Amino acid sequence: MATVDSPLPRHDDLKADFPGLHQEIRPGVRLTYLDNAATTLKPWSVIRAVQAYDSEYPANVHRGIHALSERATEAYEAARETVARFVGAAEVEEIIWTRGTTDAINLVAQSWGRTFLREGDEIVLTDLEHHSNLIPWQMLAKEKGLILRFAEITDDGRLEDEAVERQLSDRTRIVAITAMSNVLGTVTPLDEVIAMAHDRGAIVVVDGAQGVAHHAIDVGKLGIDFLAFSGHKMCGPTGVGVLYGRRELLEAMPPAWGGGSMVTRVTREGAEWNDLPYKFEPGTPPIAQAIGMGAAVEYLSQFDAKALIAHERQLMDHAHRLMEDIPGVRILGPSPDHKGGILSMDIESVHPHDLAQLLDREGVAIRAGQHCAMPLHQRYGLMASARASAYFYNTTEDFDRLAEAIRHAIELFRDRRSRRSG
Ligand code: PMP
């Protein structure tokens, strides 16, 4: 594990930053929040940043030349700069505000993909992908006669770089890959995959919805072509996300959607596109949310990225030990040294939805279902799984509570079965 330069603050101090964390979801039932892969909780600094916009300067950006609009524009653009620094973008214009990861990937597919791909071209994906990094490519493939290829994972949910290499060919134009699986937690070998893809002249689209939130991703160092991520997975508001794109690629792309603000001159017949990044931001953007996402990034930037990773690793080491002690619990995916803070399980005697409901009675919030990754569940022959996902404000005690609640659920189902057969 990487050495940590400065440890995380004490848990009590962290907890004070998150009003959502310390609450009772019903009288006497304390919340244990383990659904962070779906969305994270928001710290006060984010809540206050959004509130300040809404209450003090709720104006549109880039339009009116009046004090409030100037203030809104400044805050909105400052947030863009904060995000650009956080992911190591060379230029602030390479950061496009979107509605989220899904929106950002669709933008690449609808603009770069539609413009530059030809029949017979190939897109390489992996078995780990969220539907957000699958459906946009399926839609494009159907429209343009493209071929989708899938790099397979190992039985324990790891992605080996050779598995990606086997799918690459001279027709590969895009490798679209998650940085971290939202189901198994698997961290993918981005460095190697990017080098191999670039060797073939393909571009790399990284789904960073989990990766940016849990591991520092530096687009410059890694040589990423496009990176998509969401504010709400990293302490920010919902409804906002980012597409990072290399300037050269973004410059060559046409806008995917038309409207106000993305044009400089308009006649009845046509229009001239605005400069980056506005070319891709038609209409009124999610102003409050972008400002909130900037505040979230500032909040996260105070921590040593290695400390965040080390903390999740410690939580996963603990969680794996606990679950391995419970008969009938199967952990899906790799050992903690190959993943971030996500623990998905298949429990012999309890359906994931029943489990999630029973856990909720004890205040433990997890997610049950396919987590927008049906092909991955098919790979394991499962209809659904139960997922507990951590963030830096979670503790080993949260996982103790999870384990205890799982034991109770298993016992309850065992009792019911024996009563039925008795
Ligand atoms: N990719 C991954 C890996 C995710 O975890 C998610 C959210 N569950 C998404 C994409 C989609 O993100 P959003 O819903 O914010 O667009």
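Parameters at a glance
- Residues numbered from 1 in each chain as written.
- Predicted model: local features only at pLDDT ≥ 70, side-chain atom pairs only at ≥ 80, totals over all residues.
- Heavy atoms only, no water.
- Helix = DSSP H or I, 4+ residues; strand = E, 2+ residues; numbered from the N terminus.
- Buried < 20%, exposed > 50% of the residue type's maximum accessible area, 1.4 Å probe, protein only.
- Contact = heavy atoms within 4.5 Å.
- Lys, Arg positive; Asp, Glu negative; His and termini not counted.
- Charge placed at Lys NZ, Arg CZ, Asp CG, Glu CD.
- Pairing = 2+ DSSP bridges.
- Axes fitted to C-alpha atoms, helices over the stretch in contact; angles between N-to-C directions.
- Near = heavy atom within 4 Å.
- Polar contact = N/O pair within 3.5 Å; in protein donor to acceptor, adjacent residues only side chain to side chain.
- Areas by Shrake-Rupley, 256 points an atom, 1.4 Å probe, with all protein chains shown as cover.
- Nonpolar A, V, L, I, M, F, W, Y, C, P; charged D, E, K, R; others polar.
- Phe/Tyr/Trp six-rings, centres within 6.5 Å; stacked < 30°, edge-to-face > 60°.
- Domains from an automatic or database assignment.
- Buried area = accessible area lost by both parts, 1.4 Å probe.
- Salt bridge = Lys/Arg side-chain N within 4 Å of Asp/Glu carboxyl O.
- Patch = residues over 30% accessible without salt bridge, like charges linked within 9 Å, V, L, I, M, F, W, Y side chains within 5 Å.
- Parallel < 35°, antiparallel > 145°, perpendicular 65-115°, else oblique.
- Left-handed = near helix turned anticlockwise from the far one by under 90°.

A word on the overall build of the chain
Argument step 1. Tallying secondary structure elements over the chain gives 15 helices and 17 strands in all.
Argument step 2. By principal-axis analysis of the C-alpha atoms, the chain measures approximately 80 × 55 × 45 Å.
Argument step 3. Sorting the 422 residues of the chain into buried and exposed places 55% on the buried side.
Argument step 4. Counting contacts in the chain only where the partners sit at least 6 residues apart, residues at least 24 apart contribute 71% of the total.
Argument step 5. The average position of the 44 basic charges and that of the 60 acidic charges among the side chains of the chain differ by 5 Å.

With respect to the sheet that holds strand E17 (residues 385–389)
Strand pairs in the sheet, formed through backbone hydrogen bonds, run parallel or antiparallel to each other.
Argument step 1. Across the sheet, which stays open at both edges, the four strands sit in the order E13-E14-E17-E16 with antiparallel pairing between neighbours. The open sheet has two edge strands, strand E13 (329–332) and strand E16 (367–369), and neither has a second partner. Across the sheet, the mean angle from the axis of one strand to that of its neighbour is 30°, orientation sign disregarded.
Argument step 2. Two elements, E16 and E17, share three bridges in a ladder whose sense is antiparallel. When the sheet's bridge partners are listed, Arg 367 is paired in E17 with Arg 387.
Argument step 3. Contacts from helix H12 (residues 305–324) reach E13 and strand E14 (342–347), with the element oriented near 10° to E14.

Describing the site of the ligand
Argument step 1. Taken together, the neighbourhood of the ligand is formed by Thr 101, Thr 102, His 130, Ser 132, Thr 178, Asn 182, Asp 207, Ala 209, Gln 210, Ser 230, His 232 and Lys 233.
Argument step 2. Take Thr 101: an N or O atom from its main chain is 3.4 Å from an oxygen atom of the ligand.
Argument step 3. Relative to its free-state accessible area of 390 Å², the ligand is covered by the protein chains to the extent of 86%.
Argument step 4. Of the residues belonging to the shell around the ligand, the class tally is one nonpolar, nine polar and two charged.

Considering the packing of aromatic side chains
Argument step 1. For the structure shown, the criterion picks out 12 aromatic pairs.
Argument step 2. Relative to Phe 116, the ring of Trp 112 lies with its centre 5.3 Å away and its plane at 50°, an arrangement referred to as tilted. Highlighted residues: Trp 112 and Phe 116, both in helix H4 (residues 101–116), separated by four residues, approximately one helical turn.
Argument step 3. Members of the aromatic cluster, each reached through a chain of ring pairs, are Phe 18, Tyr 299, Phe 303, Tyr 391, Phe 392 and Tyr 393.

Comments concerning the domain arrangement of the chain
Argument step 1. Taken as a whole, the chain is organised into domain 1 (11–42 + 304–421) and domain 2 (46–300).
Argument step 2. Once you take the C-alpha centre of each, domain 1 and domain 2 turn out to be 29 Å apart.
Argument step 3. On the domain 1 side of the interface with domain 2, the three residues burying the most area are Lys 42, Leu 376 and Arg 379, jointly 20% of the side's total.
Argument step 4. Counting every contact that joins domain 1 to domain 2 gives one salt bridge.
Argument step 5. Between Arg 379 and Asp 155 there is a salt bridge whose closest N-O contact spans 2.9 Å.
Argument step 6. Linking domain 1 with domain 2 are 24 residue pairs in polar contact (both at pLDDT 80 or more), by the criterion used here.
Argument step 7. Counting residues per element, the ones that place at least two in the side of domain 1 that touches domain 2 are helix H1 (11–17), H12, E14, helix H14 (374–379) and E17.
Argument step 8. Per-element tally for the side of domain 1 that touches domain 2: the top contributor is H14, with five residues.
Argument step 9. Residues belonging to the side of domain 1 that touches domain 2 are distributed by class as follows: 20 nonpolar, 11 polar and six charged.

Description of the environment of Leu 376
Argument step 1. Structurally, Leu 376 can be placed in helix H14.
Argument step 2. Taking the C-alpha atoms as reference points, Leu 376 and Glu 77, separated by 299 residues in sequence, lie 38 Å from one another.
Argument step 3. Apart from the residues within four sequence positions on either side, Leu 376 is in contact with Asp 127, Leu 128, Ile 153, Ser 181, Val 183 and Leu 184.

With respect to a positive patch on the surface
Argument step 1. A cluster of basic residues, Arg 361, Arg 414, Arg 416, Arg 417, Arg 419 and Arg 420, forms a positive patch at the surface.
Argument step 2. Top contributing element to the positive patch by residue count: helix H15 (residues 396–421), with five residues.
Argument step 3. Looking at the element boundaries, Arg 361 is found in helix H13 (residues 352–361).

Some words on the sheet that holds strand E8 (residues 203–207)
Argument step 1. Read across the sheet, seven strands follow the order E4-E10-E9-E8-E7-E5-E6 without closing on themselves; strand pairing throughout is mixed. Among the strands making up the open sheet, the edge pair consists of strand E4 (95–98) and strand E6 (147–151). Adjacent strand axes in the sheet meet at a mean angle of 20°, parallel and antiparallel pairs treated alike.
Argument step 2. Relative to E4, helix H3 (residues 67–86) is tilted by about 115°, and along the sheet it contacts E4, strand E9 (226–230) and strand E10 (241–245).

Considerations on the packing of H12 against H15
Argument step 1. Where H12 meets H15, the closest approach of the two axes is 9 Å, and the angle between their N-to-C directions is 20°. Viewed along their axes, H12 and H15 adopt a mutual orientation that is roughly parallel. In this structure, H12 meets H15 at a crossing whose hand is right-handed. Here Leu 315, Met 316, His 318, Ala 319, Leu 322 and Met 323 of H12 lie close against H15, whose contacting residues are Thr 396, Phe 399, Asp 400, Leu 402, Ala 403 and Ile 406.

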